[in-house]
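Chains, contacts and geometry: an overview
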Amino acid sequence: MEKPVRPNEPLVTHIFTADPSAHVYDGKIYIYPSHDLDHNGPDNDNGDQYAMEDYHVLSLDDFNSPCVDHGEALHLRDIPWASQQLWAPDAAYKNNTYYLYFPARDKEGIFRIGVATSSSPAGPFTPQENYIPGSFSIDPAVLVDDDNRAYMYFGGLWGGQLEKWQTGTFKPDAEGPALDAPALGPQFAELTDDMLSFKSAPQEISIVDEDGNPLLAGDEDRRYFEGPWVHKYNGYYYLSYSTGTTHTLVYAISKNPQGPYVFKGKILTPVIGWTTHHSIVQFQDKWYLFYHDSSLSGGVNHKRSVKYTELHYNPDGTIQTIDPYK
Ligand code: FUB
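It should be emphasised that the depicted structure is a prediction, and the values quoted were computed from it without experimental measurement.

Rules used throughout
Residues numbered from 1 in each chain as written. Predicted model: local features only at pLDDT ≥ 70, side-chain atom pairs only at ≥ 80, totals over all residues. Heavy atoms only, no water. Pairing = 2+ DSSP bridges. Helix = DSSP H or I, 4+ residues; strand = E, 2+ residues; numbered from the N terminus. Near = heavy atom within 4 Å. Polar contact = N/O pair within 3.5 Å; in protein donor to acceptor, adjacent residues only side chain to side chain. Areas by Shrake-Rupley, 256 points an atom, 1.4 Å probe, with all protein chains shown as cover. 1 Å grid on protein atoms, 1.4 Å probe; cavity = no way out; pocket = protein on both sides within 12 Å on 5 of 7 lines; lining within 4 Å. Sits in = over half its atoms within 2 Å of the grid points. Contact = heavy atoms within 4.5 Å. UniProt positions renumbered as here; feature names shortened; annotations may be inferred. Salt bridge = Lys/Arg side-chain N within 4 Å of Asp/Glu carboxyl O. Buried < 20%, exposed > 50% of the residue type's maximum accessible area, 1.4 Å probe, protein only. Points joined across faces, edges and corners; volume = space filled by probe spheres on them. Nonpolar A, V, L, I, M, F, W, Y, C, P; charged D, E, K, R; others polar.

Focus: the sheet that holds strand β16 (residues 236–242)
Strand-to-strand pairing in sheets goes through backbone hydrogen bonds, with the strands running parallel or antiparallel. On the basis of which strands lie adjacent, the open sheet formed by five strands has the order β14-β18-β17-β16-β15 and mixed pairing. Looking at which strands have only one partner, the edges of the open sheet turn out to be β14 (207–208) and β15 (226–233). One ladder, built from six bridges, connects β16 with strand β17 (residues 249–254); its direction is antiparallel. Bridge pairing in β17 links S242 to L249.

Rendered as structure tokens:
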């Protein structure tokens, strides 16, 4: 019998995993991570080192159980429109179907977001012929709300190409806003009832400070970079994300799924490795943060491991900051 997974330790060590999206299905915790590959290629701001080719689904019966790797759930070779780089995925359940949402570069090298379906939370997943029309950039996160409407949050700077879409079309040489201009926010789109396309064109989410002013592009401790996640707690939507260059997970809250979101604070201090990426899930009566770091590989940016830790709220609904190494 394999050992239970302990907090702040890799869920699995036989493969490298990152970007965990955790959900509770059928009373178990399913984790949808990226599957990092071991290679000696370039490591750069374009993210070429993240050269992933497939997805594995992981699960935990509970937090006293070993982690199960359900094997390959989807491979690049089976996605007709994609050329490379299966980055951070998410999953959703609706219509008696499990949906896997994932970014990849299309045949022109532009990141798009695709969807694949399965009758099982562990896959295998069957991809659609084409990416979601109107989709772009990376890091999809899907919230199926209490009224059964489903929203996708997505977008990431630099290698994730978000700044290249500021005019609504892809401009390969476009750069981000000036440092004293409002930062780019994540994108928001409601999904159609069949979960396979957007109801209308994605719109940018505004993240504002405590006085209602948009966070600025130069505010690297707080502005959006990549890796959105939205969960609900006490009637509020919590949008959490990575600040990228300052390597922190932070959050903002709103009464509306589309925002504007008011910045609140830090969730996770920087981890070992350049990227930080997470999800937040309630299991039974506790809340958990799933995240990754590169400690198992000795700090190699693209050889990461998914971990979890418990997350605590203060009585006023703010989240207590976690230092994973204390
Ligand atoms: O895993 C590739 C990329 O690294 C993800 O899409 C980003 O969120 C970052 O974790």
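Thoughts on the site of the ligand
For the ligand, the full set of nearby residues is D19, Y50, M52, W87, A88, I138, D139, E226, T275, H277, H292 and R304. The side chain of D139 places a nitrogen or oxygen atom 2.5 Å from an oxygen atom of the ligand. In the model, an oxygen atom of the ligand is placed 2.7 Å from a nitrogen or oxygen of the H277 side chain. When the free accessible area of the ligand is taken as 280 Å², the share hidden by the protein chains comes to 99%. One can see that the ligand is located within the second largest pocket.

A closer look at the environment of Y233
Take Y233: it is sitting in strand β15. Along the sequence, Y233 and Y313 sit 80 residues apart, while their C-alpha atoms lie 9.6 Å from each other. Filtering out sequence-adjacent residues up to four positions away, Y233 remains in contact with Y238, W287, Y313 and G317.

Brief notes about the UniProt feature "active site" (unreviewed entry) in the chain
Residues given the UniProt feature "active site" (unreviewed entry) here are D38 and E226. Taken together, the annotated residues stretch across 189 residues and extend over separate regions, lying up to 22.9 Å apart by C-alpha. Those annotated residues lining the second largest pocket are, specifically, E226. Counting through the fold element by element, D38 comes out in the loop between β2 (28–36) and β3 (54–60).

A word on the pattern of salt bridges
What the rule picks out here adds up to 16 salt bridges. Residue R222 is joined to E210 by a salt bridge in which the shortest nitrogen-to-oxygen separation is 3.6 Å. Linking R222 in the loop between β14 and β15 with E210 in the loop between β14 and β15, this pair joins segments that are 12 residues apart in sequence. For R222, a relative accessible area of 22% gives the class partly exposed. A salt bridge links K307 to D293, with the shortest nitrogen-to-oxygen separation between them at 3.0 Å. Placement of K307 in strand β21 (residues 305–311) and of D293 in strand β20 (residues 286–293) is noted, with a sequence separation of 14 residues between them. Both residues of the pair, K307 and D293, count as buried. In this structure, a network of salt bridges that share partners links the residues D19, D36 and R304.

Some remarks on empty space enclosed by the protein
Taken as a whole and assessed by the stated rule, the structure comprises one cavity of 30 Å³ or more. Lining the largest cavity are S21, A88, P89, D139, P140, A141, P228, W229, H277 and H278. Across the lining of the largest cavity, the residue classes tally to six nonpolar, three polar and one charged.

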